[in-house]
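So you can see what is in the structure, the chains are spelled out below.
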Amino acid sequence: MTQIADSVLLPGHDVPLGRWTTVRRLLPQKERRMVGAWCFVDHFGPDDVSSRPGMQIPPHPHTGLQTVTWLAEGVIEHRDSLGSHQLISPGQLNLMTSGNGIAHSEFTPPDHPPGMHGLQLWLALPDAARHGPATFEHHPILPALADGTVTITVVAGSLADLRSPATVHTPLVGAELRTAAPSRYSLDLEPTFEHGLLVMSGSATVAGSPLEPGSLLYLARGRTSVTVETAGPARLFLLGGEPFDEPLVMWWNFVGRSHEEIVAARSDWMAELGGSRFGTVAGCSAPPLPAPELPSVRLRARDRQGKTF
Ligand code: MN
């Protein structure tokens, strides 16, 4: 059953990220913090970086989450404190699981293509998985299906009969939809999931609502399908999952459950800037990023709709 009333258009906002990059932040939002386990959605580009350095993100820590890097254009060089060193190109997935702590850096290499365009996404780890080991996966080949003018690539979780090889810890989906020409497509959805759709390039009409880059269309649970129409070439991304019930404290690059956990993660990072908890990012010459000052008030946990605890 599809009803317009079950969908909400959530405009994102621009956030400068370092000196060279501005991103559109689509999650978290005030009253819609998450879609399934997806708790952070940044869309960057398309940018012309032919005479600029592109992405320049020095070593920084993460806890309690998985990072998902997905490119439409460009190249990023990933290094982390497990010793991983991986170039990622469009159509490939980098998935880093922080467990209790990891550090990584992401740089556009000096010799790079002129375009830069992609998504940086976080998945919150459920309590049962968040103290596990840190891991890194690179998936150069992902399941895809071509149906007429639409190509769907399942990046994480599953959609229809396709399942991504990426390790995830809650039932979810992350998938790219690409159209090469005007299309009208009915996409089957898992009705126990909530979903969000964003446009990376081009424009679309989704469930009857016009959708442009810069906004996230939220779709409540209970849908078995959604209609996506495009007037020409377009690239969209579908997020979804079972609603994530655990309230989270998200601050800087940390996802935890309490103020005390965040304070401890910050001080573990600042004490050694990449010491024993997070490790050092070998091969990265840039100095690690110091954490910002904590706010003067206690950090509070929020549920997926922004209610504080
Ligand atoms: Mn990161």
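Everything quoted here is computed from the prediction, not taken from an experiment. (Residues numbered from 1 in each chain as written. Predicted model: local features only at pLDDT ≥ 70, side-chain atom pairs only at ≥ 80, totals over all residues. Heavy atoms only, no water.)

Chemist: So what about the nonpolar core? Which residues, and what values?
Modeler: One finds W38, V68, L121, L198, L216, F237 and L239 to be the most contacted residues of the largest nonpolar core, which totals 35 residues. Counting residues per element, this core draws most heavily on strand β11 (residues 115–124), at five residues. When residues no more than four places from it in sequence are discounted, the contact partners of L216 are V8, L9, L10, L26, L27, V35, G196, L197, L198 and L239. Within the second largest apolar cluster, 25 residues are counted, among which are I152, A175, A204 and A234. (Core = buried A, V, L, I, M, F, W, Y, C linked by side-chain atoms within 4.5 Å. Buried < 20%, exposed > 50% of the residue type's maximum accessible area, 1.4 Å probe, protein only. Helix = DSSP H or I, 4+ residues; strand = E, 2+ residues; numbered from the N terminus. Contact = heavy atoms within 4.5 Å.)

Chemist: Tell me about the side chain of T230, and please be specific about residues and values.
Modeler: Mapping T230 onto the fold places it in strand β22 (residues 225–230). Under the relative-accessibility criterion, T230 is labelled buried at 7%. Separated by 3.3 Å, the side chain of T230 and the backbone oxygen of G232 make a polar contact. Apart from residues no more than four positions distant in its own chain, T230 is found in contact with T179, A181, P182, S183, S203, A204 and L236. (Polar contact = N/O pair within 3.5 Å; in protein donor to acceptor, adjacent residues only side chain to side chain.)

Chemist: Which residues make up the pairing of β11, and what values go with them?
Modeler: Extensive coverage of β11 is indicated by the burial of 10 of its 10 residues. In β11, alternate side chains face the same way, and those of G115, H117, L119, L121 and L123 on one face and M116, G118, Q120, W122 and A124 on the other are all buried. Sheet topology note: the strand β4 (residues 38–48)/β11 ladder contains eight bridges and is antiparallel. Paired with W38 across the bridge in β11 is L123. (Pairing = 2+ DSSP bridges.)

Chemist: Tell me about the coordination of the manganese ion, and please be specific about residues and values.
Modeler: Protein ligation of the manganese ion involves H60 (NE2), H62 (NE2) and H104 (NE2), the donor distances falling in the range 2.1 to 2.2 Å. Considered as a linear motif, the donors of the manganese ion on their single chain read H-x1-H-x41-H. In this pair, H62 sits in strand β5 (residues 56–62) while H104 sits in strand β10 (residues 102–107), placing the two residues 42 residues apart along the sequence. A single burial state applies to H62 and to H104, both of which are buried. (Donors = N, O, S within 2.8 Å, 3.2 Å for Na, K, Ca; no water.)

Chemist: Which residues make up the packing of aromatic side chains, and what are the values?
Modeler: Here the structure, examined in full by the defined rule, presents seven aromatic pairs. Consider the rings of W269 and F278, whose centres lie 5.6 Å apart with planes at 85°: the pair is edge-to-face. A network of ring pairs unites the aromatic residues W251, W252, F254, W269 and F278 as a single cluster. The ring of Y218 has R32 sitting right over it, with the charged end atom 3.7 Å from the ring centre. (Phe/Tyr/Trp six-rings, centres within 6.5 Å; stacked < 30°, edge-to-face > 60°. Lys NZ or Arg CZ within 6 Å of the ring centre and 35° of its normal.)

Chemist: Can you tell me about the sheet that holds β4, naming the residues and giving the values?
Modeler: One open sheet holds the seven strands; their spatial order is β2-β3-β4-β11-β6-β9-β12, and the pairing between them is antiparallel. The open sheet terminates on both sides in strands that have one partner only, identified here as β2 (13–17) and β12 (135–139). The average angle at which neighbouring strand axes cross in this sheet is 20°, direction not considered. Note: strand β9 (residues 93–97) against β12, five bridges, orientation antiparallel. Residue pairing across strands places M96 opposite F136, the latter belonging to β12. (Axes fitted to C-alpha atoms, helices over the stretch in contact; angles between N-to-C directions.)

Chemist: Requested: an account of the sheet that holds strand β17 (residues 183–188), with residues and values cited.
Modeler: Pairing between the strands of a sheet is mediated by backbone hydrogen bonds and can be parallel or antiparallel. The sheet built from four strands is open, its strands ordered β17-β22-β19-β20 with antiparallel pairing. The outermost strands of the open sheet, each flanked by one partner alone, are β17 and β20 (209–211). Within the sheet, the average angular offset between the axes of one strand and its neighbour, ignoring direction, is 25°. As paired elements, β17 and β22 share six bridges and run antiparallel to each other. The residue of β22 that forms the bridge with S183 is T230.

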